[in-house]
Amino acid sequence: MSFLSRAAAPAWPLAAPADGPGNPWFSWRYVHDNADEILSALQFHAGLTARAVVIALVVALPLAVVAYWWRPLTGPILALSGVLYTIPSLALLALVAPAVGTTSDTSVLIALVLYALLVMVRNALAGLTQVPGDVRDAAAGMGYGRVGRLLRIELPLALPGILTGLRLATVSTVALVTVGSWIGKGGLGDMILGGFRNNFYKAEIMTGTILCIGLALVLDLALAGLGRLLTPWTRERRS
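Residues numbered from 1 in each chain as written. Predicted model: local features only at pLDDT ≥ 70, side-chain atom pairs only at ≥ 80, totals over all residues. Heavy atoms only, no water.

**Examining the overall build of the chain**
- The secondary structure content of the chain amounts to 10 helices and zero strands.
- Ordered by position in the sequence, the α and β elements of the chain form the string α-α-α-α-α-α-α-α-α-α.
- Expressed as a percentage of the 239 residues in the chain, the buried residues total 41%.
- Restricting the contact set of the chain to residue pairs at least 6 apart, pairs at least 24 apart contribute 76%. (Helix = DSSP H or I, 4+ residues; strand = E, 2+ residues; numbered from the N terminus. Buried < 20%, exposed > 50% of the residue type's maximum accessible area, 1.4 Å probe, protein only. Contact = heavy atoms within 4.5 Å.)

The structure is reproduced here in structure tokens:
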């Protein structure tokens, strides 16, 4: 028996028969009766997503800067993050979980961070490399050193690319959190998987699915709004 099969199943109520009028795809009664459990799953899902994205951003930005400053390292950095991204999610979870705990959300967090790195590193690097050469030359002529130029000129101009990577990583992370349901740490994924295990409880499956999609949309729209606030020059250029 693998470690994935030993995870405790979420304590959701028993379902109605697999089909028929007593098992609708959506039920307000189910939502009302299980509001606390649903809210707890949503909070865990959102919190795990936020932690993974923030950690991935903190790691990805320095890697992108290193790849930008020392071009011979660009290939190895992108290749390593690409290899991590190609590992199937359950296989990566199986590799990480024994080292940090088979039922710990830390294992899911590590897997999520590794998956988000490739998207963030690539987009941050693309944003940095697209800074016009004459802008860099002008900054150097004004006396900016490498670090000053990075902080005052290049990173602000690279913000659209960085934020694009952040949005993509956030949406994909919301989806990937559900994989943690195999060890009981999947947030809304626990509801979805629990519904399939619980005599195909349609209301449980659909509620978890709708909330997962809704969370991804809300976070993406919030980051898009943040991007508009932080990069007003892009709006002027489009107009």
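**What about the packing of helix α3 (residues 74–86) against helix α5 (residues 105–129)?**
- Close contact between α3 and α5 brings their axes to 7 Å; oriented N to C, the two are set at 145°. Once α3 is placed against α5, the crossing between them reads as left-handed. Packed against α3, whose contacting residues are Thr74, Ile77, Leu78, Ser81, Gly82, Leu84 and Tyr85, the element α5 presents Leu114, Tyr115, Leu118, Val119, Val121, Arg122 and Leu125 at the interface.
- For the contact of α3 with α5, the per-class residue count stands at 10 nonpolar, three polar and one charged. (Axes fitted to C-alpha atoms, helices over the stretch in contact; angles between N-to-C directions. Left-handed = near helix turned anticlockwise from the far one by under 90°. Nonpolar A, V, L, I, M, F, W, Y, C, P; charged D, E, K, R; others polar.)

**Brief notes about a nonpolar patch on the surface**
- Nonpolar side chains collect at one region of the surface, where Trp25, Phe26, Trp28 and Ile210 lie side by side and expose about 470 Å² of accessible area between them.
- Looking at the secondary structure, you find Ile210 in helix α9 (residues 202–230).
- Residue Ile210 is classed as partly exposed on the basis of its relative accessible area of 43%. (Patch = residues over 30% accessible without salt bridge, like charges linked within 9 Å, V, L, I, M, F, W, Y side chains within 5 Å. Areas by Shrake-Rupley, 256 points an atom, 1.4 Å probe, with all protein chains shown as cover. Salt bridge = Lys/Arg side-chain N within 4 Å of Asp/Glu carboxyl O.)

**Describing the pattern of salt bridges**
- In this structure the tally under the stated criterion is four salt bridges.
- In this structure, Asp33 engages Arg29 in a salt bridge whose closest nitrogen and oxygen atoms are separated by 3.6 Å. Remark: Arg29 and Asp33 occur in helix α1 (residues 28–33); sequence separation between them is four residues, near one turn of the helix.
- Judged by its relative accessible area of 66%, Arg29 is exposed.
- With a closest N to O distance of 2.9 Å, Arg167 and Asp220 form a salt bridge. Taken as a pair, Arg167 in helix α7 (residues 146–177) and Asp220 in helix α9 lie far apart in primary sequence, 53 residues in all.

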